[in-house]
Amino acid sequence: MAKNKRIFLSPPHMGGKEIEYVRDAFESNYIAPVGPQLELFEREFAETVGASHAVALSTGTAALHLALRYVGVVPGDEVFCSSLTFIASATPILFLGAQPVFIDSSKDSWNMDPDILEQALDVKKNDGCLPRAVVVVHLYGECAEMDRIMEICDRFGVTVIEDAAEALGARYKERAPGTSGRAGFFSFNGNKIITTSGGGMLVTDDSDFAAKVRFWATQAKENKPYYEHLEMGYNYRMSNVLAAIGRGQLRVLEERVKVKRCIYELYKQSLGNLPGISFMADGTNSFSTHWLSCMLVDAKSFGHEPQKICNLLEEHNIEARPLWKPLHMQPLFKDNEIFGGAVAEQLFECGICLPSGTAMTDHEINRVVEVIRSLCKPEQSRTMA
Ligand SMILES: *Cc1c(COP(=O)(O)O)cnc(C)c1O
């Protein structure tokens, strides 16, 4: 029997215009980093999120690396970071010889808990060693509580960098995530809301910040006729060809976010009433991208462990995964400090990311729903019908 077509977690979804812009890049022979598509992509992206400057880079990870370097992170420093996130929110801290200190999630938003952040800053202040910066993540496209986080960090005089890799197209009140802190960054990895196959973007309102990041990203080459270097740089610039893909993807961003949000609503309506199942909240101040639709499974009431659901979905050729494993639980960070931690641990234990590709058909969403519903005891499904 032919196997059902695989349903991926969040595969790339081209809009159609990308190939036109890529053709432009080919016809002008700008098969290089730097070129007209790159400049246009940066300008259009800055406009989209309402930032003064955008710098296109090879990855989101590279963007965070350069941002942390710019704000002065040096060996021996500490940098606060959300614990419940992808590893790339923290590894750039290590690149600079500094150490991450992790902050737990709040139950409501799953993002950095402002109360715990405030307590942690108090502790560090009393010890006379405030962190050089705080990396705040907007998890799965749900915005962190930026008003409070900014107020707290301003009070302690600590710089905020926003990891908005999963939140392009989200809104916090009227602002785009990534534009409240000193700088923010986005990712165009293949699984993100829009993709360039791989890529990242740093945004900031500070022109010196943007200029320095651009300079470091292109080997820190001084403006001289020969190759002159006063500082260490990197080869981190996005290529003109990939920027062309990004421009095409920007055209469909709004549509992609709309569909991501619809997928979340459909799952919530068809699964949210099952015993033991609940969904990631839709924040009060946040217009979430719902990059991935996430649900929590209370194994006692549902009757099965979350892993059992993932395994059964896999048997049906459907990709589903646990939430990010909290960074304070990672062997790599076994010696790093954590403030709180129980909330992130609990979310990891119960959470599942459901397939959320924007090209999914209703039929495919139903396939996911039916597999999960089939695990319910008959009398439970009956009450649901
Ligand atoms: C994807 C992602 C990153 C890293 O982006 P890359 O472009 O893959 O380097 C960082 N943080 C979070 C939360 C992400 O999801």
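For the structure, check the block above.
Here we summarise the structure given alongside this text. Predicted model, so just to flag it, every value in this text is computed and none were measured. (Residues numbered from 1 in each chain as written. Predicted model: local features only at pLDDT ≥ 70, side-chain atom pairs only at ≥ 80, totals over all residues. Heavy atoms only, no water.)

**A closer look at the pattern of salt bridges**
Tallied over the entire structure, the rule returns 21 salt bridges. Here Glu151 ties to Arg155 by a salt bridge, and the two come within 2.8 Å at their closest N and O atoms. Of this pair, Glu151 and Arg155 are both found in helix H6 (residues 146-156), four residues apart, which corresponds to roughly one turn of the helix. Look at Glu151 and you get partly exposed, because its relative accessible area is 41%. (Salt bridge = Lys/Arg side-chain N within 4 Å of Asp/Glu carboxyl O. Helix = DSSP H or I, 4+ residues; strand = E, 2+ residues; numbered from the N terminus. Buried < 20%, exposed > 50% of the residue type's maximum accessible area, 1.4 Å probe, protein only.)

**Focus on the pairing of strand E8 (residues 200-204)**
The element E8 is extensively covered by neighbouring structure, given that five of its five residues are classed as buried. Along E8, one buried face is formed by Gly200, Leu202 and Thr204 and the opposite face, lined by Met201 and Val203, is buried too. Across five bridges, the pairing between strand E1 (residues 53-57) and E8 is antiparallel. Along E8, the bridge assignment pairs His53 with Thr204. (Pairing = 2+ DSSP bridges.)

**Comments concerning unusual backbone geometry**
Even without glycine at this site, Asn29 takes up a positive phi of about 65°. Judged by its relative accessible area of 61%, Asn29 is exposed. A positive phi angle, close to 45°, is found at His290, a residue other than glycine. Note on placement: His290 falls in the loop between strand E10 (286-287) and strand E11 (293-297).

**What about the sheet that holds strand E14 (residues 351-354)?**
Judged by pairing direction, the sheet is antiparallel, and its four strands sit side by side in the order E9-E11-E14-E12 without closing on themselves. A single partner strand is all that each edge strand has here, and the edge strands are strand E9 (277-279) and strand E12 (321-322). Note: E12 against E14, two bridges, orientation antiparallel. Paired with Pro322 across the bridge in E14 is Ile352. Its contacts with the sheet place helix H11 (residues 306-315) against E11, E12 and E14, and it is angled at close to 25° to E14. (Contact = heavy atoms within 4.5 Å. Axes fitted to C-alpha atoms, helices over the stretch in contact; angles between N-to-C directions.)

**Here we look at the nonpolar core**
A general tendency of soluble globular proteins is for nonpolar side chains to be buried together. If you look at the biggest cluster of nonpolar residues, it comprises 63 residues, and the most contacted ones within it are Phe45, Trp110, Leu117 and Tyr140. No other element matches H6, which puts six residues into this core. A domain split of this core shows at least three residues from each of domain 1 (18-250) and domain 2 (253-382). Excluding residues within four positions of it along the chain, Phe45 makes contact with Ala54, Leu168, Phe186, Phe188, Met201, Val203 and Leu250. In this structure, Ala63, Leu68, Ile161 and Tyr234 belong to the second largest nonpolar core, which totals 35 residues. (Core = buried A, V, L, I, M, F, W, Y, C linked by side-chain atoms within 4.5 Å. Domains from an automatic or database assignment.)

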